[in-house]
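Here are the chains, one letter per residue:
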Amino acid sequence: QVQLVESGGGLVQAGGSLRLSCAASGRTFSTYAMGWFRQAPGKEREFVAAIRGSGGSTYYANFVKGRFTISRDNAKNTVYLQMNSLNPEDTAVYYCAAAPRNLSTRLYEYDYWGQGTQVIVSS
C-alpha cells in the first residue's frame, strides 16, 4: 500500500513557475514508477510526466516538454514536478500516482493516487 500526498500548488501569473511535491509512504517507494497527471475543469485526466523507480528515465507529454521537469529523491520518498513558463492552459488539479510496474502514460497502470493539488495560472 502506498499513500501519496501532493503539495505546492497555488496561484501564479502566466510565465511564472511552481514546484509540486508528492510525498509517499512506505518503504518500497523506489520500486514504483511515478507519474504526474492533471485534470482541468470539464476535461479528462491526462498524462503529464513520469519517471522510473531508479530515476534513470523520464517521459513527458508533448505539451510540457522543455517547460516541466520531473525528478525524485528516493531517500525522501518524494517526487517533484518543476513547472516553468506556465500558461493559463496549465490550470488544473495535478495528481501524482504510483505504478508498481513500468513507467507508463496510461492512467489504468497506476494503482495509487494522491488527492491532487490545484494549480491556477492567471493571464
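Just above, that's the structure.
The text that follows walks through the structure, step by step, so that each part is easy to find.

Reading the values: rules and limits
- Residues numbered from 1 in each chain as written.
- Predicted model: local features only at pLDDT ≥ 70, side-chain atom pairs only at ≥ 80, totals over all residues.
- Heavy atoms only, no water.
- Disulfide = S-S within 2.5 Å.
- Helix = DSSP H or I, 4+ residues; strand = E, 2+ residues; numbered from the N terminus.
- Core = buried A, V, L, I, M, F, W, Y, C linked by side-chain atoms within 4.5 Å.
- Buried < 20%, exposed > 50% of the residue type's maximum accessible area, 1.4 Å probe, protein only.
- Phe/Tyr/Trp six-rings, centres within 6.5 Å; stacked < 30°, edge-to-face > 60°.
- Pairing = 2+ DSSP bridges.
- Axes fitted to C-alpha atoms, helices over the stretch in contact; angles between N-to-C directions.
- Salt bridge = Lys/Arg side-chain N within 4 Å of Asp/Glu carboxyl O.

1. A short note on the state of the cysteines
Next, step 1: Summed over all chains, the structure comprises 1 disulfide.
Next, step 2: One disulfide in the model links C22 with C96; its S-S distance is 1.9 Å. Handedness here is read from the sign of the S-S torsion; for C22 and C96, about 45 degrees, the answer is right-handed. Separated by 74 residues along the polypeptide, C22 in strand β3 (residues 18-24) and C96 in strand β9 (residues 92-99) bring together distant segments of the chain.

2. Description of the nonpolar core
Next, step 1: In this structure, L4, M34, W36, L81, M83 and Y94 are the most contacted members of the largest nonpolar core, which totals 38 residues.
Next, step 2: When residues of this core are traced back to their parent elements, those giving at least two are β3, β4 (33-39), β5 (46-51), β7 (68-73), β8 (78-83), β9 and β11 (117-122).
Next, step 3: If one sorts the elements of this core by residue count, β9 sits on top with 6 residues.

3. With respect to the packing of aromatic side chains
Aromatic ring pairs are reported here in terms of the distance separating the ring centres and the angle at which the planes meet.
Next, step 1: Inspection of the entire model under this criterion finds 6 aromatic pairs.
Next, step 2: Aromatic pair Y32 and Y112: ring centres 6.1 Å apart, planes at 70 degrees, arrangement edge-to-face. Of the two residues, Y32 sits in the loop between β3 and β4 while Y112 sits in strand β10 (residues 112-113), which places them 80 residues apart along the sequence.
Next, step 3: Taking relative accessible area as the criterion, Y32 reaches 10% and is therefore assigned buried.

4. Focus on the sheet that holds strand β1 (residues 4-7)
Next, step 1: Strands sit in the order β1-β3-β8-β7 across an open sheet of 4 strands; the sheet is antiparallel. Lying at the two open borders of the sheet, with one neighbouring strand each, are β1 and β7. Strand after strand, the sheet turns through a mean of 15 degrees between neighbouring axes, direction not considered.
Next, step 2: Bridging between β1 and β3 involves 4 bridges; their strand directions are antiparallel. Bridge pairing links E6 to C22 in β3.

5. Overview of the pattern of salt bridges
Next, step 1: Applying the stated criterion across every chain yields a total of 5 salt bridges.
Next, step 2: Its salt-bridge partner being R38, residue D90 comes within 2.8 Å of it at the nearest N-O pair. Of this pair, D90 sits in the loop between β8 and β9 while R38 sits in strand β4, and the two are 52 residues apart along the sequence.
Next, step 3: A salt bridge links R67 to D90; the shortest N-O distance between them is 2.7 Å. Of the two residues, R67 sits in the loop between β6 (58-60) and β7 while D90 sits in the loop between β8 and β9, which places them 23 residues apart along the sequence. The pair formed by R67 and D90 is uniform in burial state, with each residue classed as buried.
Next, step 4: Among the charged side chains, a salt-bridge network with shared partners connects R38, E46, R67 and D90.

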